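Residues per chain are reported as follows:
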Amino acid sequence: MLQMEKGIVKYHLDQLKDKGFATCTGGNYVSGQVYWALTPAGRKYAVQQKLV
């Protein structure tokens, strides 16, 4: 679990989505969880920037 406030996480996910680096892949209505994944462009950026 990330130790960040929900609003901050949403902001960063919006930024990643706007840049084409992440996409929402689904959710669980029972638990309220939302699932995100890096796009190919996001994975490329992460590797080029040595983030992974």
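Our subject in this report is the structure included herewith. Keep in mind the model is a prediction, meaning the values are calculated, not measured.

### Side note on the overall build of the protein chain
1) Next: Along its length, the protein chain carries two helices and two strands.
2) Next: Each helix and strand of the protein chain, placed in order from N terminus to C terminus, yields the pattern α-β-β-α.
3) Next: Overall size of the protein chain, expressed as C-alpha extent along the three principal axes, is 35 × 20 × 20 Å.
4) Next: Here the protein chain, with 52 residues, has 10% of them falling under the buried criterion.
5) Next: Accessible surface for the protein chain amounts to roughly 4,700 Å². Of this, 58% is attributable to carbon and sulfur atoms.

### What to know about the environment of C24
1) Next: Following the sequence through the fold, C24 ends up in strand 1 (residues 22-28).
2) Next: Between the C-alpha atom of C24 and that of Y45, which follows or precedes it by 21 residues, the distance is 18 Å.
3) Next: The residues touching C24, leaving out its near neighbours within four places in the chain, are V34, Y35 and W36.

### Some words on helix 1 (residues 6-18)
1) Next: For helix 1, which comprises 13 residues, the first-to-last C-alpha distance of 18 Å matches the rise-based estimate of 18 Å (1.5 Å per residue) to within 8%.
2) Next: Phi turns positive one or two residues past the end of helix 1, at G20, with a value near 80°.

Cut-offs and rules
Residues numbered from 1 in each chain as written. Predicted model: local features only at pLDDT ≥ 70, side-chain atom pairs only at ≥ 80, totals over all residues. Heavy atoms only, no water. Helix = DSSP H or I, 4+ residues; strand = E, 2+ residues; numbered from the N terminus. Buried < 20%, exposed > 50% of the residue type's maximum accessible area, 1.4 Å probe, protein only. Areas by Shrake-Rupley, 256 points an atom, 1.4 Å probe, with all protein chains shown as cover. Contact = heavy atoms within 4.5 Å. Expected span 1.5 Å × (residues − 1).

So yeah, pure geometry; function would need other evidence.
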